[in-house]
Amino acid sequence: WSADGRLAWMSYRNNNGDIYVWDGEDVVNISQYYGDDSHPRWSADGRLSWESIRVDQLEIMVWDGEQIINVSKNSSWDSFHLWGPDGRLAWLSDRDGHLTAYVWDGETITRVSQGDSDVMNLAWSPDGRLSWQANDSGNIDLYIWDGEQVSKLAENPAGDFGPAWSADGRLAWIVETGADRDWELYVRDGDSVSNISGSPGSDRDHVWSP
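Residues numbered from 1 in each chain as written. Predicted model: local features only at pLDDT ≥ 70, side-chain atom pairs only at ≥ 80, totals over all residues. Heavy atoms only, no water.

Chemist: Can you lay out the pattern of salt bridges for me, pointing to particular residues and giving the numbers?
Modeler: Within the structure shown, the criterion is met by 8 salt bridges. One salt bridge connects Arg6 with Asp4, and the closest N-O pair in it is separated by 3.1 Å. Between Lys152 and Asp141 there is a salt bridge, and its shortest N-O distance comes to 3.9 Å. Of this pair, Lys152 sits in strand E15 (residues 150-153) while Asp141 sits in strand E14 (residues 141-145), and the two are 11 residues apart along the sequence. Note on Lys152: relative accessible area 45%, which makes it partly exposed. (Salt bridge = Lys/Arg side-chain N within 4 Å of Asp/Glu carboxyl O. Helix = DSSP H or I, 4+ residues; strand = E, 2+ residues; numbered from the N terminus. Buried < 20%, exposed > 50% of the residue type's maximum accessible area, 1.4 Å probe, protein only.)

Chemist: Mind laying out the sheet that holds strand E9 (residues 89-93), listing which residues take part and the relevant values?
Modeler: Spatially, the 4 strands line up as an open sheet ordered E8-E9-E10-E11, and their pairing is antiparallel. At either margin of the open sheet sits one strand with a lone partner, and together these are strand E8 (78-83) and strand E11 (109-111). For this sheet, the mean angle separating the axes of adjacent strands, direction not counted, is 25°. With 3 bridges connecting them, strand E10 (residues 100-104) and E11 associate as antiparallel partners. (Pairing = 2+ DSSP bridges. Axes fitted to C-alpha atoms, helices over the stretch in contact; angles between N-to-C directions.)

Written out as structure tokens, the structure is:
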């Protein structure tokens, strides 16, 4: 759903995947492309992004209500796109030989992850910071980009996975604490980090309420 109540989805009704939008009355084919278009995502200001397979590559497209823009514009695979609260668009691209994080501000594309390993699980904070996980130092750690610099949030030598931001700016993730796959759920509230699950079992699939 968009913020103003429109519904977007992907349909194979024309033998290939297209992006459709329903405004409460009419259904319109937005993408109208012979390749497969999928994974629509609304921005807070009503723009719609999706992934489009074009000439054996995966591109990120954005529709602003009138025209469609190819944002990624690269002969690689660009996917896992995610809108930030301020209208910036993040995604992962393999153009550097591994999955790296890129951000588009409406005009300029910036590579924000700088390591040599695959980036996964992008997550925007309410104040516009971008987080992800990557194995750049021998184990999987969390990284946070504040718009200028990247800092590492390393709380456990075994591995930190799945960053998720709450509406009030807290960060939750899961930590692998031992060889028996004992996953614990951690929350960072400002500078304080707490293990909130404290269980010998596996705790995961965390999700914040609005």
